[in-house]
Amino acid sequence: MEWNNIIHLPSSIRHHPSSIRHQTSYASAPLETTSSLQLSYKLFDDAGLLVLLYIVYYPMNIIKTNIDGVVALEPLVHKDTRGYLFEAFSQREFDEQVQKVQFVYENEYKRPLGFVTGLHFQKPPYSQNQLVRCVSGRIRFIALDIRRGSSTYGQYVSVELSDESHHMLFIPQGFAVGYVVLSEHAVIQCKYDKEFSAESVCGINITDKALGIDFGLYSNGFLQSEEDAHYPSFEDLHTPFIKS
């Protein structure tokens with residue numbers, strides 16, 4: 001199979017996380033998943049017991065992307081006649097399964113169809129780890145590796161996040177991030193582990209053709225802030241990040 005530079009996580013997999021390897025639409029490399037469900041799957045064949053163990057031990061599937069450090073999180077959604085319930089975040093489980101990060105604040109954004117932002121990052125010592133989810137509508141989120149010395153420098157992860165899939169994306173320091181709105185409106189929530197610092201904010205123009213970013217099905221004109229439109233190209237980037 002020919003793998004592209006993008007991953008897409010369809011909503012159909014949310015009821016059966018163990019099938020994610022087979023139902024991923026496209027990726028630059030086969031996705032890997034880690035959760036107690038995988039261990040349970042090896043030990044037991046009874047589907048009911050699997051679900052029970054999955055809930056007890058860790059109600060979140062961790063999905064590695066093609067770039068080291070960037071991971072997608074797929075919650076286990078419990079549905080009934082009242083609606084649904086899922087655990088959106090657990091500090092203990094996040095520290096154990098993903099990375100030890102202490103988030104200090106969260107922003108919520110509402111944006112219209114075609115709105116595009118980024119690619120943003122904050123320079124050290126205010127560089128940020130972040131956890132992103134779309135609680136209403138659909139977006140395509142981009143995370144560009146700008147860590148000098150990284151084997152994936154200049155490559156990016158592109159993931160569709162929506163209120164149907166409930167997927168989240170964790171992006172560590174050393175990435176420039178942005179997104180495009182694919183629905184009439186979208187509401188996005190972002191957790192950060194460092195406070196906002198206006199003096200530290202930098203960017204790369206997300207529409208830079210040299211990056212070759214795939215915005216999915218969206219092909220109409222973008223709505224872009226004047227500030228973002230004047231960000232330099234990737235070629236002119238002087239990154240402050242070096243991969244250790």
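Residues numbered from 1 in each chain as written. Predicted model: local features only at pLDDT ≥ 70, side-chain atom pairs only at ≥ 80, totals over all residues. Heavy atoms only, no water.

Undergrad: Explain the nonpolar core to me, and be specific about the residues and the numbers.
TA: Among the nonpolar cores identified, the biggest contains 24 residues, and Ile139, Phe141, Leu161, Leu169 and Ile171 are the most heavily contacted of them. Mapped by element, the contributors of at least two residues to this core are strand E8 (130–136), strand E9 (138–145), strand E10 (156–162), strand E11 (168–171), strand E12 (175–181) and strand E13 (185–192). With sequence-adjacent residues up to four places away left out, Leu169 is seen in contact with Val70, Val71, Ala72, Gln130, Leu131, Val132, Phe141, Val159 and Leu161. Ranked by size, the runner-up nonpolar core spans 19 residues in total, among them Phe121, Ile142, Ile146 and Phe215. (Core = buried A, V, L, I, M, F, W, Y, C linked by side-chain atoms within 4.5 Å. Buried < 20%, exposed > 50% of the residue type's maximum accessible area, 1.4 Å probe, protein only. Helix = DSSP H or I, 4+ residues; strand = E, 2+ residues; numbered from the N terminus. Contact = heavy atoms within 4.5 Å.)

Undergrad: Describe the environment of Glu164, listing the residues and the values that go with them.
TA: Among the secondary structure elements, Glu164 is positioned in the loop between E10 and E11. A relative accessible area of 53% places Glu164 in the exposed class. Distance from Glu164 to Arg138, taken between C-alpha atoms, is 8.5 Å for residues 26 residues apart in sequence.

Undergrad: Outline the pairing of E10, listing residues and values.
TA: Buried residues dominate E10, accounting for seven of its seven residues. Burial along E10 is two-sided: the face carrying Tyr156, Ser158, Glu160 and Ser162 and the face carrying Val157, Val159 and Leu161 are both buried. Pairing analysis gives seven bridges linking E9 to E10, with the strands arranged antiparallel. In the strand pairing of E10, Leu144 is matched with Tyr156. (Pairing = 2+ DSSP bridges.)

Undergrad: Mind laying out the sheet that holds strand E14 (residues 201–203), listing which residues take part and the relevant values?
TA: The pairing of strands in a sheet happens through backbone hydrogen bonds and is either parallel or antiparallel. Taking strand neighbours across the sheet as the criterion, the five strands line up as E10-E9-E12-E7-E14 in an open arrangement whose pairing is antiparallel. Looking at strand neighbours, the two that pair on one side only are E10 and E14, the edges of this open sheet. On average, each strand axis in the sheet is tilted by 30 degrees relative to the strand beside it, whichever way the strands run. (Axes fitted to C-alpha atoms, helices over the stretch in contact; angles between N-to-C directions.)

Undergrad: Account for unusual backbone geometry, naming residues and giving values.
TA: The omega torsion across Gly118 and Leu119 is 10 degrees, close enough to zero to call that bond cis. Mapped onto the secondary structure, Leu119 falls in strand E7 (residues 116–122). Residue Pro125 is bonded to the preceding Pro124 through a cis peptide linkage, with omega at 10 degrees. Inspection of the secondary structure puts Pro125 in the loop between E7 and E8.

Undergrad: Can you tell me about the pattern of salt bridges, naming the residues and giving the values?
TA: All told, the structure shown has eight salt bridges when counted by the stated rule. The residue Asp80 makes a salt bridge to Arg82 at a minimum N-O spacing of 2.5 Å. Under the relative-accessibility criterion, Asp80 is labelled partly exposed at 39%. Close ionic contact of Glu160 with Arg140 constitutes a salt bridge, the shortest N to O distance being 4.0 Å. Note that Glu160 is positioned in strand E10 and Arg140 in strand E9, a separation of 20 residues in sequence. In this structure, Glu160 and Arg140 share a single accessibility class: buried. Each of Arg92, Glu93 and Glu96 takes part in a single network of salt bridges with overlapping partners. (Salt bridge = Lys/Arg side-chain N within 4 Å of Asp/Glu carboxyl O.)

Undergrad: So, the side chain of Ser150: which residues are in play, and what are the values?
TA: With respect to the helices and strands, Ser150 occurs in the loop between E9 and E10. With relative accessibility at 9%, the residue Ser150 sits in the buried group. Setting aside its immediate chain neighbours within four residues, Ser150 contacts Asp145 and Lys243.

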